Amino acid sequence: TGYKTRTRQCNNPSPSCGGNGCTGSLKDTGSCDDECCKITHGGLSNWSSWGSCQCNHNLGTGYKTRTRQCSNPSPSCGGNGCTGSLKDTGSCDDECCKITHGGLSNWSSWGSCQCNHNLGTGYKTRTRQCNNPSP
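Fair warning: this is a prediction, and the values are worked out from it, not measured in the lab.

## Here's the deal with the pattern of salt bridges
- Enumeration over the complete set of coordinates arrives at three salt bridges.
- A salt bridge links Arg6 to Asp28; its shortest N-O distance comes to 2.9 Å. Here Arg6, found in strand 1 (residues 3-7), pairs with Asp28, found in strand 2 (residues 27-31); they are 22 residues apart in sequence, far enough to count as distant.
- Here Lys64 and Glu95 are joined by a salt bridge, their closest N and O atoms 3.4 Å apart. Here Lys64 is found in strand 4 (residues 61-67), whereas its partner Glu95 is found in the loop between strand 5 (87-91) and strand 6 (114-116), with 31 residues between them in sequence.

What follows is the structure, given as structure tokens:
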């Protein structure tokens, strides 16, 4: 808090020839809290919550950010601003799956011939899996 004062003199005109002196106070005091009396240096707020993970799925990496403000308190009356970063970045690779496209395995061996004796035809099969690698 602060205060300001002002003074005056009894000289407009000065009492003379037995005239009375001035009435009222010669000193006046008032508040000046609305003016800069106290230098306030800035302080950092708490960090915000982490933002969502920004993923690079081709690499399987990611990052997330959080912020804070110079508002605890804000600098005023010529006080210093905050020191320290207002933005923080962290890894979130564990949240970012690398995209893996599936690949086919080798063919299995041919199976036994399945014959249709009435038609005189037959067929045999073999298979492969989508697991080299799995998607």
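## Some remarks on the environment of Gln9
- Along the chain, Gln9 turns up in the loop between strand 1 and strand 2.
- The spatial distance from the C-alpha of Gln9 to the C-alpha of Ser25 is 9.5 Å, given a sequence separation of 16 residues.
- A polar side-chain atom of Gln9 sits 3.1 Å from a polar atom in the side chain of Asn11.

Reading guide: rules and limits
Residues numbered from 1 in each chain as written. Predicted model: local features only at pLDDT ≥ 70, side-chain atom pairs only at ≥ 80, totals over all residues. Heavy atoms only, no water. Salt bridge = Lys/Arg side-chain N within 4 Å of Asp/Glu carboxyl O. Helix = DSSP H or I, 4+ residues; strand = E, 2+ residues; numbered from the N terminus. Polar contact = N/O pair within 3.5 Å; in protein donor to acceptor, adjacent residues only side chain to side chain.

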